[in-house]
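# Tertiary structure, described
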Amino acid sequence: MKLKIVTVISFLFCSILLSAQQITVSGTVTEGSTGDPAIGVSVLVKGTTNGTVTDIDGNYSLSNVSSDAILVFSYIGMLTQEEPVNGRSTINVTLQEDVQALEEVVVIGYGTSRVKDLTSAITTIRPDEIMKTPASQPMSALQGKVPGLQIVSSGSPGTSPTVRVRGIGSYPGRDNEAPLYVVDGVFYNDIGFLNSADIASVSILKDASAAAIYGVRAANGVILIETKSGQFDKKPEITFDGYYGVQVAQNVLKMSNAEQFVTMAMESGSSTDISNIDRAMQRYGRSRINPNIPDVNTDWYKEILRTAPIQNYNFDVSGGGSNVSYSVGANYFAQQGILDMKNEYERYNFRSKLDFKATDWLKLGNNFIWSQSTQYPEEVGAWNLAYFAVPILPVYDELNTQATPINFANAQDMGYRGGQNPFPTMQFSNKRNQGKRLLANFYAEATLVPDKLIFKTTYNQAYHNLKERHVLLPYFIGNNFQRPNAELIKRQKIYSDVTWDNLLTYTDNFGKHNLSVMGGTSFRDESYELLEAKGLNFPIGQEQSWYIDQAETIPVDGVINDGLRQYGMSYFGRLSYNYANKYLFYATMRADGSSKYQEKWGYFPTVGIGWVLTEEDFLSNNDLINFLKLRASWGQLGNDKIQASDGAFTTDVITTALGDVLYSGTTVGGVYSSLRWELTEESNFGVTANFFNNRLSLDADYYIRDTKEAAINVKIPAVGGEVLRNVGVIRNSGFEVALDWSDQIAGDFRYNIGANISTLKNEVRDLYGQPYIDGGSAEFRQRSIIGQPLLAFYGYEVVGVYQNQAEIEADPVAQANGLVPGDLKFRDTNGDGDVNDDDRVVLGSYFPNFMYGANIGLGYKNFDFSLSLMGQSGNKILNRKRGEFIWTNDTNIDADLAENRWHGEGTSNSYPSSAGLRKGWNQKMSTFFVEDGSFFRIQNIQLGYNIQNQQWFGYQMPFMRLYLTADRPLTLFKYNGFNPEVPNGIDTQTYPIPATYTVGLTIKF
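This section reports on the structure supplied with the text. (Residues numbered from 1 in each chain as written. Predicted model: local features only at pLDDT ≥ 70, side-chain atom pairs only at ≥ 80, totals over all residues. Heavy atoms only, no water.)

Now for the overall build of the chain. Scanning the chain for helices and strands turns up 12 helices and 53 strands. In terms of overall size, the chain behaves like a compact globule, its C-alpha atoms giving a radius of gyration of 33 Å where 1005 residues would be expected to give roughly 30 Å. By principal-axis analysis of the C-alpha atoms, the chain measures approximately 105 × 85 × 70 Å. Looking at the chain residue by residue over its 1005 residues, the buried ones come to 53%. For the chain, long-range pairs separated by at least 24 residues make up 69% of all intrachain contacts whose partners lie at least 6 apart in sequence. For the chain, the exposed area adds up to about 43700 Å²; of that, 54% sits on carbon and sulfur atoms. (Helix = DSSP H or I, 4+ residues; strand = E, 2+ residues; numbered from the N terminus. Rg over C-alpha atoms; globule rule 2.2 N^0.38 Å. Buried < 20%, exposed > 50% of the residue type's maximum accessible area, 1.4 Å probe, protein only. Contact = heavy atoms within 4.5 Å. Areas by Shrake-Rupley, 256 points an atom, 1.4 Å probe, with all protein chains shown as cover.)

Moving on, we come to the sheet that holds strand 13 (residues 180-183). Across the sheet, which stays open at both edges, the 5 strands sit in the order 10-15-16-13-14 with mixed pairing between neighbours. If you trace the sheet from one side to the other, it starts and ends with strand 10 (122-125) and strand 14 (186-188), each paired once. Across the sheet, the mean angle separating the axes of adjacent strands is 20° when strand polarity is ignored. For strand 13 and strand 14, the ladder comprises 3 bridges, and the chain directions are antiparallel. Bridge pairing in strand 14 places Val-182 opposite Phe-187. (Pairing = 2+ DSSP bridges. Axes fitted to C-alpha atoms, helices over the stretch in contact; angles between N-to-C directions.)

In this section: helix 6 (residues 271-284). The end-to-end C-alpha distance of helix 6 is 20 Å, a good match for the 20 Å that 14 residues give at a rise of 1.5 Å each. Taken residue by residue, helix 6 has Asp-273, Asn-276, Ile-277, Ala-280, Met-281 and Tyr-284 as its buried positions. Along the axis of helix 6, the buried positions cluster into a sector of 140°, meaning they face one direction only. Turned more than 90 degrees away from the buried face of helix 6 sit Ser-271 and Gln-282, all of them exposed. On its buried face, helix 6 sits against helix 5 (258-268). (Expected span 1.5 Å × (residues − 1). Arc of directions from axis to C-beta.)

With that settled, the discussion passes to the environment of Gly-933. As for its placement among the helices and strands, Gly-933 is situated in the loop between strand 48 (930-932) and strand 49 (935-947). Counting along the chain gives 85 residues from Gly-933 to Pro-848, while the straight-line C-alpha distance between them is 8.4 Å. Setting aside residues up to four positions removed in sequence, Gly-933 forms contacts with Gln-872, Asn-875, Lys-876, Ile-877 and Pro-980.

The next point concerns the environment of Thr-907. With respect to the secondary-structure elements, Thr-907 resides in the loop between helix 12 (895-899) and strand 48. Linking Thr-907 and Ala-211, residues 696 residues apart in sequence, is a C-alpha distance of 55 Å. Apart from residues no more than four positions distant in its own chain, Thr-907 is found in contact with Gln-803, Arg-901 and Trp-902.

What follows deals with the nonpolar core. Counting residues in each nonpolar core, the largest one holds 53 residues, and the members touching the most others are Tyr-301, Ile-304, Ile-392 and Met-414. Listed by contribution, the elements that provide at least two residues to this core are helix 5, helix 6, helix 7 (300-304), helix 8 (381-388), helix 9 (423-427) and strand 24 (475-478). Considering each element in turn, this core owes the most residues, 5 residues, to helix 8. Beyond its immediate sequence surroundings of up to four residues, Met-414 is in contact with Asn-276, Arg-279, Ala-280, Tyr-284, Val-390, Ile-392 and Leu-393. Core analysis: the next-biggest nonpolar cluster, separate from the first, contains 43 residues, Tyr-171, Ile-712, Met-925 and Phe-929 among them. (Core = buried A, V, L, I, M, F, W, Y, C linked by side-chain atoms within 4.5 Å.)

Another aspect to go through is a nonpolar patch on the surface. Taken together, the side chains of Ile-745, Phe-749, Ile-753, Ile-856, Leu-858, Tyr-860, Phe-863, Leu-943, Leu-964 and Val-999 define a hydrophobic patch exposed on the protein surface, amounting to about 860 Å² of accessible area. Sorting the residues of the nonpolar patch by element identifies strand 37 (749-759) and strand 45 (850-860) as the ones contributing at least two each. In terms of residue count, the dominant contributor to the nonpolar patch is strand 45 (3 residues). Taking the relative accessible area as the measure of exposure, Leu-964 reaches 47% and is therefore partly exposed. (Patch = residues over 30% accessible without salt bridge, like charges linked within 9 Å, V, L, I, M, F, W, Y side chains within 5 Å. Salt bridge = Lys/Arg side-chain N within 4 Å of Asp/Glu carboxyl O.)

The tally for this structure, following the rule as stated, stands at 37 aromatic pairs. Ring geometry for Phe-826 and Trp-921: centres 5.2 Å apart, planes at 40°, overall tilted. Note that Phe-826 is positioned in strand 43 (residues 824-826) and Trp-921 in the loop between helix 12 and strand 48, a separation of 95 residues in sequence. Stacked on the ring of Tyr-376, the Lys or Arg Lys-342 has its end atom at 4.6 Å from the ring centre. Of note, Lys-881 hangs over the ring of Tyr-387, and the distance from its end group to the ring centre comes to 5.2 Å. (Phe/Tyr/Trp six-rings, centres within 6.5 Å; stacked < 30°, edge-to-face > 60°. Lys NZ or Arg CZ within 6 Å of the ring centre and 35° of its normal.)

On the surface, a cluster of negative charge is contributed by Asp-832, Asp-834, Asp-837 and Asp-838. Along the chain, Asp-838 turns up in the loop between strand 43 and strand 44 (841-844). Here Asp-838 falls in the exposed class, since its relative accessible area comes to 57%. (Lys, Arg positive; Asp, Glu negative; His and termini not counted. Charge placed at Lys NZ, Arg CZ, Asp CG, Glu CD.)

Before going further, it helps to examine the environment of Ala-403. The residue Ala-403 is located in the loop between helix 8 and helix 9 in this model. Among all residues touching Ala-403, those that are not within four sequence positions of it are Phe-408, Phe-476 and Ile-477.

To continue, consider helix 5. Of the residues making up helix 5, those classed as buried are Ala-258, Gln-260, Phe-261, Val-262, Met-264, Ala-265 and Ser-268. Looking at the buried positions of helix 5, the neighbouring elements they touch are helix 6 and helix 12. Once helix 5 ends, the next one or two residues include Gly-269, with phi positive near 80°.

Moving on, we get to the sheet that holds strand 44. With antiparallel pairing, the 4 strands of this open sheet are ordered in space as 39-40-41-44. The open sheet has two edge strands, strand 39 (772-776) and strand 44, and neither has a second partner. Strand after strand, the sheet turns through a mean of 45° between neighbouring axes, direction not considered. Here 2 bridges tie strand 40 (residues 781-785) to strand 41 (residues 792-795), and the two strands are oriented antiparallel to one another. Within the sheet, the bridge partner assigned to Arg-783 lies in strand 41 and is Ala-792.

What follows deals with the packing of helix 5 against helix 6. Contact pair helix 5 / helix 6: the axes reach a minimum separation of 8 Å and the direction vectors enclose 145°. For the element pair helix 5 and helix 6, the recorded crossing hand is left-handed. Only Asp-273, Ile-274 and Ile-277 of helix 6 make contact with helix 5, whose side of the interface consists of Val-262, Ala-265, Met-266 and Ser-268. By residue class, the composition of the contact of helix 5 with helix 6 is 5 nonpolar, 1 polar and 1 charged. (Left-handed = near helix turned anticlockwise from the far one by under 90°. Nonpolar A, V, L, I, M, F, W, Y, C, P; charged D, E, K, R; others polar.)

Take unusual backbone geometry next. Look at the link from Thr-404 to Pro-405: it is a cis peptide, with omega at 5°. Mapped onto the fold, Pro-405 is located in the loop between helix 8 and helix 9. Although it is not a glycine, Asn-64 sits at a positive phi angle of roughly 55°. Turning to its location among the elements, Asn-64 is positioned in strand 4 (residues 59-65). Judged by relative accessible area, which is 49%, Asn-64 ranks as partly exposed.

Inspection of the secondary structure puts Asp-241 in strand 17 (residues 234-248). This buried residue, Asp-241, is left without a salt bridge; Arg-961 holds the nearest opposite charge, at 6.9 Å. Polar contacts involving the side chain of Asp-241 include one to the side chain of Thr-1002, which spans 2.4 Å. Leaving out residues up to four positions away in the same chain, Asp-241 has contacts with Met-131, Asn-312, Tyr-313, Asn-314, Tyr-963, Leu-1001 and Thr-1002. (Polar contact = N/O pair within 3.5 Å; in protein donor to acceptor, adjacent residues only side chain to side chain.)

Set out below in structure tokens:
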């Protein structure tokens, strides 16, 4: 065994390079476009580290070169060139400009396009960037990498992040904000089932010009994903990639310890809280350090958190012959949650993609992805209970002899109103979600006219079977802290989405004219079924008995059977034209028919233009600007994630006299609104450029996106109540800039630096004559106001804390409301000498108005290092947990509030006193509860070492890569919570995002 270990270590770290050095090779390298000497070009003997760089005259000299070696000439912005030595001592080379990035073909809706021909705002992410992030969700890897793309992560295993493209154009909270995902032509609302290693490319279609080809589902942006394919005439390539690591909770919220908690309780003057502390000391004893506090000091977050493992393994085989290409793969992913309970996620993925050239004019293919997952979700209430649980309560209490089956402590035994202990909730809950997903498509592609006319038909099937089992086991901790009945809920959801697409594409060029025309149809059949039942008091000892038919009671009202089926038919077309690769024109049109709405058809046009200035004589062949394109686009698209109708029946009692007799009856009426898809209109203006021999690239955009028929609540005159109507207008606008620089120094050293920024202004433009629409709750009001963001936080602005009695006596507001030193001082915004509802103002929004990201890559010989950063600012978070004081004040509070409370003149000018926390005046919705949500994060760090083109012990070694990754190791923010990433800006029970540290290995044969 020891010999095997030594051998493996030797294989990884001790290379024996076998080569024969014989001659010296020299020569000159020039630039093909100018004929000038190429300075700093790397000249390397292929498969070795023997290399040099050209001098100021483009000359090089390289000794100890085998006569049968191959020299590799490379430089940033130039095409890499290989030259066999063949015994030559002088080799001169001319390098050509690398325009590959501009000639690169990217995926767009129902087709592809060269980067240089794009008139739309499309960002493409390389698969190696996605693979750097160890996560179950591919979209998590894009955080901070794409301007205009906001991703709000979750630490819960198997939970997809919240994804927003250029803000929100729909009224939030109705599951209508997510972009459309298109995976190999199949439509999805979520891609959490995908394995990141199976992804070949991700294209984010951000503007209407790019996304409108998808019509009624594209208003929130489109994310196109192509999975890996094989390659014709390629030998089989076998790849293994795997990593193992640990997740560690970071930025753990510090709560008040026992001493701080007791101090605040005493300061509050609450006799009830003081009595509870006395009972705690009688039950658990006094602290030997401070006899005035109980001998218990529980850090509840420390108790419920754990270090959790994460692992991922991929196996892939791809290749092809003259007529067949193939790619098959398998993946296993497993992740435990950092919440110390049955909280984990496990997934198996299998895929297969086959392309077959049946004849020289017919190509056939299919693609299968099968995903099977098991998720044990967390008990979400545990985070809330851990926040509120008092530190003078232990986890276990041996004196609680009535507790069963475990002697958990009960805060009610000390006089508190709630049990508070989170462990019964965690220990006696078992939730399991089992998902099975299938992506399948088949296509046939016929070349009707060689190199000109192609017809393609594709059948796509997306299938999802989700089985949910929620088991709540009985327990008794106290009379009001118990679950007397075992409860079982079984739920099965089946989703099916069938799409049949037919495309006809004509491509031609004549003279300087280049033309591509596409026309197509798409038929869609979408269905959903739900079956749910509940059982009470079943055998709890064995999981094999956790079935409905084992229950003593099956409530009839607990049985639900529901379903939905919708059809759609679409016709669409695209025209792409350019003249001399200089003047670009792009247009699409889609007509969508849907069975969902009474108005059956919607029409979504778009147009884009571009001007490549570097193709003009006045900018051609210059050393500074290698490529410069101006582009502009306009388009309309839709959002069908809006219900078909809204309203309710109304009944009125009518009494009338017939003769001498009174008769009573009811009249039935109703107010209904016929809804349709929301209509979004967007204009985009952009520039794409490359500078300094293509070392520097720039993409910049400005956009205005108006949702003109947003579904909003409209008050019903006379009748009362509200109904949804397509009458609102919501605007999102902003700038997006991405810069990337790549260069190579001294042959062996290479680097790249990138940065991106984006701004966002979310604004309500029209509410159908209404001045505002209220949201949130009466205590924590949110309000959508003309000229302000959707659901902005609305309340009072804190300007300080009353410090002494003199300030109280000098302020009529303080006197009128019976305030004392330690109470909050609110701004009198209208200057009328009083503070009331009229003084409330917008306190901010949960939309960040500025987001940024950056990346740095370094490479030296076989080593590489990458660092990515990201952050955002301008968003606010409602610290809803602190607001629980409105309903109960016998809970714990965070340490920041305890340490910075007002407890005497000059001690604080932002937080009230302990007694003030219990006063209604200080519990008003204000900037005391609404905090800054800005943050900065080191997103990902990776260090890797590549072993390639080497022979060990006489054997040719495969490509191997060892890498270490630290994901989200540092996050800096001011917010008083675990995590500043809160999807809707209201923090009640947010799952912390852990830092993840992994070690990985990649092998390619």
